[in-house]
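Secondary and tertiary structure notes
The residues making up each chain are set out below.
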Protein chains: 2
Amino acid sequence: MADPVSPPSDLDRQMAFLMEADRLKSITRATQLADGSRDENSAEHSWHLTLFALTLAPQAPPGVSIDRVIRMLILHDIVEIDAGDAPIYGDTSTQVADELAAADRIFALLPDTQAREFRALWDEFEAAATPDATFAKALDRFQPPNLNLANGGGSWTAYNVTEDQVRNRIGSKIERGAPTLWAWLGPKIAKFFTDP
Amino acid sequence: MADPVSPPSDLDRQMAFLMEADRLKSITRATQLADGSRDENSAEHSWHLTLFALTLAPQAPPGVSIDRVIRMLILHDIVEIDAGDAPIYGDTSTQVADELAAADRIFALLPDTQAREFRALWDEFEAAATPDATFAKALDRFQPPNLNLANGGGSWTAYNVTEDQVRNRIGSKIERGAPTLWAWLGPKIAKFFTDP
Ligand SMILES: [Ca+2]
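What comes next concerns the included structure. Computed from a predicted model, the values in this text were never measured in an experiment.

A short note on the overall build of chain A
If you tally the helices and strands in chain A, you get ten helices and two strands. For chain A, the succession of helices and strands along the chain, N to C, is α-β-β-α-α-α-α-α-α-α-α-α. With the principal axes as the frame, chain A shows a C-alpha extent of 75 × 35 × 30 Å. When the 196 residues of chain A are sorted by exposure, 54% land in the buried category.

A look at the relation of the copies chain A and chain B
Once turned by 180° and shifted 0.0 Å along the axis, chain A lies on chain B with an RMSD of 0.0 Å. The transformation just described matches what one would write down for a two-fold rotation axis. Looking at the interface residues of chain A, 100% of them are also at the interface in chain B, so both copies use one shared face.

A short note on the coordination of the calcium ion
Those donors, Asp77 of chain A (OD) and Glu80 of chain A (OE), are the protein atoms that reach the calcium ion, and they lie 2.7 to 2.8 Å from it. With respect to burial, Asp77 of chain A and Glu80 of chain A carry one shared label: buried.

So, the side chain of Asn146 of chain B
Tracing the backbone through its elements, the reader meets Asn146 of chain B in helix 7 (residues 131-151). Residue Asn146 of chain B is classed as buried on the basis of its relative accessible area of 5%. A distance of 2.8 Å separates the side chain of Asn146 of chain B from the backbone oxygen of Phe142 of chain B, its partner in a polar contact. Excluding its chain neighbours within four sequence positions, the residues that come into contact with Asn146 of chain B are Met15 and Met19 of chain A together with Trp184 and Leu185 of chain B.

Let's talk about the pairing of strand 1 (residues 28-32) of chain A
All names here are of chain A. Two elements, strand 1 and strand 2 (residues 39-41), share two bridges in a ladder whose sense is antiparallel. For Gln32, the partnering residue across the bridge sits in strand 2 and is Asp39. What sits between the antiparallel neighbours strand 1 and strand 2 is a turn of six residues, in which Gly36 has the positive phi angle 70°.

Describing the environment of Leu139 of chain B
Residues and elements named next belong to chain B. As for its placement among the helices and strands, Leu139 is situated in helix 7. Leu139 sits 70 residues away from Val69 along the chain, and the two C-alpha atoms are 9.7 Å apart. Setting aside residues no more than four positions away along its own chain, Leu139 makes contact with Leu49, Phe52, Ala53, Leu56, Val69, Leu73 and Leu181.

Quick look at the interface of chain A and chain B
At the interface, 49 residues of chain A touch 49 residues of chain B. For the pair chain A and chain B, the summed buried surface comes to about 4,200 Å²; carbon and sulfur atoms form 68% of the total. When the buried surface of chain A facing chain B is broken down by residue, Lys25, Trp47 and Leu54 of chain A rank first, second and third, together holding 18% of it. On the surface where chain A and chain B come into contact, there are four salt bridges. The salt bridge involving Lys25 of chain A is made with Glu40 of chain B; its shortest N-O contact spans 2.8 Å. Between chain A and chain B we count 25 residue pairs in polar contact (both at pLDDT 80 or more) in total. Listed by contribution, the elements that provide at least two residues to the side of chain A that touches chain B are helix 1 (10-21), strand 2, helix 2 (42-55), helix 3 (66-75), helix 6 (112-127), helix 7 (131-151) and helix 10 (179-194) of chain A. Here the side of chain A that touches chain B takes ten residues from helix 2 of chain A, the largest share from any one element. Considered class by class, the residues forming the side of chain A that touches chain B number 28 nonpolar, twelve polar and nine charged.

A short note on the side chain of Asp22 of chain B
Mapped onto the elements of the fold, Asp22 of chain B is located in the loop between helix 1 (10-21) and strand 1 (28-32). Excluding residues within four positions of it along the chain, Asp22 of chain B makes contact with Leu33, Ala34, His48 and Leu147 of chain A.

Describing the pattern of salt bridges
This structure, assessed with the given rule, holds 32 salt bridges over all chains. Between Arg167 of chain A and Glu163 of chain A there is a salt bridge whose closest N-O contact spans 3.0 Å. Taken together, the positions of Arg167 of chain A and Glu163 of chain A, both in helix 9 (residues 163-177) and four residues apart, correspond to about one turn of that helix. Taking relative accessible area as the criterion, Arg167 of chain A reaches 31% and is therefore assigned partly exposed. For Arg68 of chain B, the salt bridge is made with Glu124 of chain B, and the minimal N-O distance between the two is 2.7 Å. Taken together, the residues span a long stretch of sequence, with Arg68 of chain B in helix 3 (residues 66-75) and Glu124 of chain B in helix 6 (residues 112-127) at a distance of 56 residues. We classify Glu124 of chain B as buried; its relative accessible area is 18%. Residues joined by salt bridges that share partners form a network here, namely Asp22 and Lys25 of chain A together with Arg29, Glu40 and Asp85 of chain B.

About the cut-offs
- Residues numbered from 1 in each chain as written.
- Chains lettered and ligands numbered in written order.
- Predicted model: local features only at pLDDT ≥ 70, side-chain atom pairs only at ≥ 80, totals over all residues.
- Heavy atoms only, no water.
- Helix = DSSP H or I, 4+ residues; strand = E, 2+ residues; numbered from the N terminus.
- Buried < 20%, exposed > 50% of the residue type's maximum accessible area, 1.4 Å probe, protein only.
- Least-squares fit on C-alpha atoms with pLDDT ≥ 70 in both.
- Contact = heavy atoms within 4.5 Å.
- Donors = N, O, S within 2.8 Å, 3.2 Å for Na, K, Ca; no water.
- Polar contact = N/O pair within 3.5 Å; in protein donor to acceptor, adjacent residues only side chain to side chain.
- Pairing = 2+ DSSP bridges.
- Buried area = accessible area lost by both parts, 1.4 Å probe.
- Salt bridge = Lys/Arg side-chain N within 4 Å of Asp/Glu carboxyl O.
- Nonpolar A, V, L, I, M, F, W, Y, C, P; charged D, E, K, R; others polar.

Honestly, it's all geometry; don't read function into it.
This is the structure in structure tokens:
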């Protein structure tokens with residue numbers, strides 16, 4: 001007869017989730033660091049976004065809860081452990097289905113109540129319909145062009161992106177969630193493409 | 001006569017701080033990733049700690065504000081941009097002075113009110129005297145041994161560390177700020193050193 005084995009405790013499940021999450025440090029993005037030395041990974045990108053949220057809180061529209069935005073940004077890319085990063089100027093045909101399957105698997109590592117709570121935050125971010133999610137999405141679109149401007153082109157150069165594509169893919173989302181940030185960034189992008 | 005130049009706006013200063021912070025991605029730590037593939041950097045470590053705080057919130061002692069803990073953890077290593085990472089088992093003789101000088105320089109990039117607010121959070125974390133800071137510090141000590149256990153020794157092996165040193169340097173701080181986490185981890189560490 002096999003020895004009786006106690007089921008995993010809540011803490012065992014929380015730790016299984018946290019150790020699985022470590023793999024996000026090995027998911028690379030299309031964006032390079034500000035100094036151009038290497039590609040950014042999704043874990044350090046997520047940290048940078050939480051710092052953007054904390055620092056740019058005074059730029060958030062009224063009614064935004066920065067603490068909820070930060071919680072969303074901590075979790076927003078965790079599905080990339082399974083699904084990989086989808087470069088914004090690349091092919092994303094299966095990305096939505098891949099990310100939903102990843103969310104099902106990864107959040108299920110947690111105790112049930114927490115799994116539902118984290119999944120709800122991730123779903124809210126993805127839907128980008130609430131003020132918190134709209135601001136969080138705007139920050140996710142605002143950080144990479146700042147790295148590109150710092151390192152001399154980055155993913156724009158790698159993907160042969162035009163100024164119109166930048167305005168359509170990211171400008172509209174930044175302007176919607178964080179108008180003062182787009183007012184600041186738009187002219188810098190225009191200058192880069194006019195006079196690189 | 002020189003052209004008049006307008007002083008940097010609050011947003012200009014916030015962005016200067018955020019782009020300087022990008023350098024934290026290039027500060028490597030003594031700890032390796034869970035899969036042992038490379039050293040961890042301080043930016044992705046900071047993200048991992050915010051996820052620890054969010055996930056282990058049910059393990060926090062009563063009265064701890066997880067949102068304040070997360071804010072501290074986002075900021076806690078930013079001084080390493082100038083001061084580097086101080087391995088917990090290495091030589092740390094000038095580390096305190098180096099980190100204070102770094103805090104003076106880096107937070108001063110921000111608008112004044114925000115500089116004071118971020119510095120106060122960082123000072124609170126360093127002093128480890130409030131419930132929020134004590135829990136944040138406990139998480140900062142709790143994450144690396146979990147990586148070491150996952151990758152087969154990591155910084156313990158590299159620094160020839162004994163079980164007593166682990167208990168003295170990290171065990172006491174984890175037990176103080178997060179007793180249930182130390183109750184979970186302590187036996188795993190004992191087993192590693194007894195039967196690696
Ligand atoms: Ca992403």
